[in-house]
Amino acid sequence: MTVLDEIIAGVVEDLADRRAAHSFDEVAAAAEAVAPPLPVLPSLRADGLSVIAEVKRSSPSKGALATIEDPAALARAYEAGGAAAISVLTEQRRFGGSLDDLRAVRAATSTPLLRKDFIVDSYQLLEARAAGADLVLLIVAALDDAELARLLAETGALGMTALVETHTVAEVQRALAVGAELIGVNNRDLKTLEVDLSHFEQMVSAIGDEAVKVAESGILSAQDAARMRNAGADVILVGELLVRHGDPRAAVAALRSLA
């Protein structure tokens, strides 16, 4: 069993507990009651390098990264620094996140929010919308073609945007085939947890100009960010660098200044 398989197994167990506490209809009603999702693609398509700044306490590869006692305060710093969107980890077992973090950040900022989790079920999309998410992550490696197409369509029906994450050229082709408009290349292999920035460089041409291109993982310095930008990234998703930085507002602003 790979690391990704183990994470998803835990996600499915935790999802079952939440479904037992709150019915599908109950969560669907909550999703309908919140304000409409914010658009994000226009800003991600703008000139310059866009930053999706992440609220991230820990990871399977690095362990604890930051305590983040006040995710709302961190999100406000990201917003002030010019983040185009804020990613909030909601997976608890490996990343120390929760939907409460997402709700707290939503209450504190008007920046578009990404629910960063391992989405395998429609219920999770409704949870994301009910908590105020404007984007969700769909990982191609975790879904078959039918699941990917269905969840992408359901994301759109809820007014949200899907960041479709890929790890191989074949997965990029699968993402394009279902009409993904925002495609991420994860420099971290979720089966081995190894990171290689050349991964994005080797795969970006497969995306072409058909979708907004996002470089994910392993961006630990301005030099790394510039490398991804020079390779063709429209957007970078950054977590560890920002949560470990003493001034997250300035850190985001510095990344935004890269052209």
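Going by the structure above, here's the rest.
Residues numbered from 1 in each chain as written. Predicted model: local features only at pLDDT ≥ 70, side-chain atom pairs only at ≥ 80, totals over all residues. Heavy atoms only, no water.

1. Considering the pairing of strand 4 (residues 85-89)
Point 1. Across the five residues of strand 4, five count as buried, placing the element largely inside the fold.
Point 2. Of the two faces of strand 4, the one holding A85, S87 and L89 and the one holding I86 and V88 are both buried throughout.
Point 3. Looking at chain direction, strand 1 (residues 50-55) and strand 4 are connected through four bridges and run parallel. Bridge pairing in strand 4 links I52 to A85.
Point 4. For strand 4 and strand 5 (residues 113-116), the ladder comprises four bridges, and the chain directions are parallel. Its bridge partner lying in strand 5, S87 is registered against L114.
Point 5. Regarding topology, helix 5 (residues 99-108) serves as the crossover connection from strand 4 to the parallel strand 5, and that connection is right-handed. (Buried < 20%, exposed > 50% of the residue type's maximum accessible area, 1.4 Å probe, protein only. Helix = DSSP H or I, 4+ residues; strand = E, 2+ residues; numbered from the N terminus. Pairing = 2+ DSSP bridges. Right-handed = clockwise from strand over helix to strand, strands pointing away.)

2. Section: the packing of helix 1 (residues 3-21) against helix 6 (residues 122-130)
Point 1. It is the contact of helix 1 with helix 6, at a shortest axis distance of 11 Å, that shows an interaxial angle of 65 degrees. Here helix 6 runs roughly perpendicular to helix 1, going by the angle between their axes. Here the hand of the crossing between helix 1 and helix 6 comes out left-handed. Where helix 1 approaches helix 6, its residues V11, L15, R18 and R19 are matched on the opposing element by Y123, Q124 and E127.
Point 2. Residues belonging to the contact of helix 1 with helix 6 are distributed by class as follows: three nonpolar, one polar and three charged. (Axes fitted to C-alpha atoms, helices over the stretch in contact; angles between N-to-C directions. Parallel < 35°, antiparallel > 145°, perpendicular 65-115°, else oblique. Left-handed = near helix turned anticlockwise from the far one by under 90°. Contact = heavy atoms within 4.5 Å. Nonpolar A, V, L, I, M, F, W, Y, C, P; charged D, E, K, R; others polar.)

3. Some points on the sheet that holds strand 6 (residues 135-139)
The strands making up a sheet are joined through hydrogen bonds of the backbone, oriented either antiparallel or parallel.
Point 1. An order of 1-4-5-6-7-8-9-10 is seen for the eight strands of this closed barrel, with the pairing classed as parallel. Each neighbouring strand pair of the sheet contributes to a mean axis angle of 25 degrees, computed without reference to strand direction.
Point 2. Along the sheet face, helix 12 (residues 248-256) touches strand 1 and strand 10 (235-238) and points at about 155 degrees away from the line of strand 1.

4. As for unusual backbone geometry
Point 1. Of note, I68 is a non-glycine position whose phi angle comes to about 50 degrees, a positive value.
Point 2. Relative to the elements of secondary structure, I68 occurs in the loop between strand 3 (63-64) and helix 4 (71-81).
Point 3. I68 gets classed as buried once you look at its relative accessible area, which sits at 13%.
Point 4. The backbone phi angle of L193 is positive, close to 70 degrees, even though this residue is not glycine.
Point 5. In this fold, L193 is placed in the loop between strand 8 (182-186) and helix 9 (198-207).

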